[in-house]
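Structural overview
Residue strings, one per chain:
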Amino acid sequence: MNGARKFIQLGRPPQEAGQFNYPGAPQSYPPEVKERLSADAQQIIARYPQRRSALQPLLHLVQSHDSYVTPAGLAFVAELLELTGAELAAVASFYSMYRRKPTGDYLVGVCTNTLCAVMGGDAIHDTLKEHLQIGDDDTTADGKVTLERIECNAACDCAPVVMVNWEFFDQQSPESARALVDSLRAGEEVRPTRGMPLETFKETARVLAGFFDERPDDGQGGPAGPTLAGLQFAHEHQMAAPDAPAAEGGAAK
């Protein structure tokens, strides 16, 4: 040891948004907003034998108003559930679906985990960032689109995958992703690979809070992924994996 002092920065990574204290975020709700949200919240709370079980749906509820979790939203939920702000923030900060800064009408997430990255996920993200001219807040100037990198969404069969408000757009390319965001910003109807026409981020948050989805229940399922297609091909051609080699003593493992 040479006695030189070393500085180690603790706390959140520099690129991570602050703990629900975005500049200008509302600190409390006006009476009319609080009254409306309270009526919705009571419907949610009534579904659970213990009030605190409604914590996560209520966080989606406040996101449906603010587009992210604000000090006003945390205080509102804490008061309803008789929890501390620290208890709420501990839950909200664990899940990436709870946003820490304003979110556009369409949250566009580009998967850049291993398989999607190999198939071009990073190129899609970089193309969209340049095309949308996105700055430090990751949101376009018109407030329509927020862009982010996302972790694996268990759709590796269909890589590279883009998600918009958590709906799947499979087997994307820089060109198709660019056309997708252009359609979103133009207000055109956009239908995911498997699912119903998109709603805005706030509308989606309200559905996630537990309120009825008014859209028609059509288009679910989508095309089979390559793994399922391969399984179907194997069955049709009576293909099977080879038998396991016999272990010493004659018994197969």
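Residues numbered from 1 in each chain as written. Predicted model: local features only at pLDDT ≥ 70, side-chain atom pairs only at ≥ 80, totals over all residues. Heavy atoms only, no water.

Formally: UniProt positions are given in the numbering used here, feature names are shortened, and annotations may be inferred rather than shown by experiment.
Going by the annotation in an unreviewed UniProt entry, the name recorded for the protein is NADH-quinone oxidoreductase subunit NuoE, with Mycolicibacter acidiphilus given as the source organism. Per its UniProt entry, the protein bears the Cofactor (unreviewed entry) comment "[2Fe-2S] cluster". Quoted verbatim from the Sequence similarities (unreviewed entry) field of UniProt, the annotation for the protein is "Belongs to the complex I 24 kDa subunit family."

1. Notes on empty space enclosed by the protein
Heads up, the condition is: Cavity and pocket criteria rest on a 1 Å grid covering protein atoms alone: a 1.4 Å probe that fits but cannot get out defines a cavity, protein on both sides within 12 Å along at least 5 of 7 lines defines an open pocket, and an atom within 4 Å of a point defines a lining residue. Grid points are joined across faces, edges and corners, and a volume is the space filled by probe spheres set on the points.
Under the criterion given, the structure shown has 1 cavity of 30 Å³ or more. For the largest cavity, the calculated volume is near 40 Å³. Surrounding the largest cavity, C111, C116, C152, N153, A154, A155, C156 and V161 form its lining.

2. Regarding the confidence of the model for the protein
Basically, it comes down to this: Along the chain, pLDDT gives the predictor's confidence residue by residue, from 0 to 100. Per the convention used, a helix needs a DSSP run of H or I reaching at least four residues, while a strand needs a run of E reaching at least two, with both numbered from the N terminus.
Here the protein averages 86 in pLDDT, while 86% of its residues score no lower than 70. In the model of the protein, helix α9 (residues 226–236) stands out as the element of lowest mean pLDDT, 73, in contrast to helix α2 (residues 55–66), which has the highest, 97.

3. Notes on the pattern of salt bridges
Stated precisely, the cut-off is as follows: Whenever a carboxyl oxygen of Asp or Glu lies within 4 Å of a side-chain nitrogen of Lys or Arg, that contact is scored as a salt bridge. Under the scheme applied here, a residue whose accessible area is under 20% of the maximum for its type counts as buried, over 50% as exposed, and between as partly exposed, the area being computed with a 1.4 Å probe on protein chains only.
A full pass over the atoms with the stated rule returns 9 salt bridges. D142 is the partner of R185 in a salt bridge, and the nearest nitrogen-oxygen pair spans 3.1 Å. Of this pair, R185 sits in helix α7 (residues 174–186) while D142 sits in the loop between α6 (121–132) and β2 (145–150), and the two are 43 residues apart along the sequence. Residue classification places R185 among the partly exposed positions, given a relative accessible area of 32%. With relative accessibility at 41%, the residue D142 sits in the partly exposed group. Linking D170 and R194 is a salt bridge whose minimum nitrogen-to-oxygen distance equals 2.9 Å. Residue D170 is located in the loop between β4 (167–169) and α7, and its partner R194 is located in the loop between α7 and α8 (201–208); the two are separated by 24 residues in the primary sequence. A relative accessible area of 8% means that D170 is categorised as buried.

4. Quick look at the sheet that holds β4
Defined as follows: Following DSSP output, two strands are said to pair if at least two bridges run between them. Simply put, an axis is a line fit to the C-alpha atoms, just over the touching stretch for a helix, and the angle between two N-to-C directions goes from 0 to 180 degrees.
If you walk across this open sheet you meet the 4 strands as β2-β1-β3-β4, and the pairing is mixed. Of all strands in the sheet, those with a lone pairing partner are β2 and β4, marking the two edges. Each adjacent strand pair in this sheet contributes to an overall mean axis angle of 25°, direction not counted. Summarising the sheet, strand β1 (residues 106–111) and β2 pair through 6 bridges and their orientation is parallel. Bridge pairing in β2 places G109 opposite E148.

5. Considering the packing of aromatic side chains
Short version of the rule: Aromatic rings from Phe, Tyr and Trp, with only the six-membered ring used for Trp, were paired whenever their centres fell within 6.5 Å, and each pair was classed as stacked if the ring planes differed by under 30 degrees, edge-to-face if by over 60, and tilted otherwise. Only Lys NZ and Arg CZ are tested; either one counts as a charge over a ring when it is within 6 Å of the ring centre and within 35 degrees of the ring normal.
Here the structure, examined in full by the defined rule, presents 5 aromatic pairs. Residues Y95 and Y98 carry aromatic rings whose centres are separated by 6.2 Å and whose planes lie at 90° to one another, so their mutual orientation is edge-to-face. Between W166 and F201 the ring centres are 5.5 Å apart and the planes differ by 45°, which places this aromatic pair in the tilted class. One end of the pair, W166, is in the loop between β3 (162–164) and β4; the other, F201, is in helix α8, with 35 residues separating them in the sequence. Classification of W166 as partly exposed rests on a relative accessible area of 24%. Among the aromatic side chains, those forming a connected cluster through ring pairs are F94, Y95 and Y98. Its guanidinium or amino end placed over the ring of F211, R47 lies 5.6 Å from that ring's centre, counting from NZ or CZ. For R206, the ring lying beneath its charged end belongs to F211, and the centroid distance is 4.0 Å.

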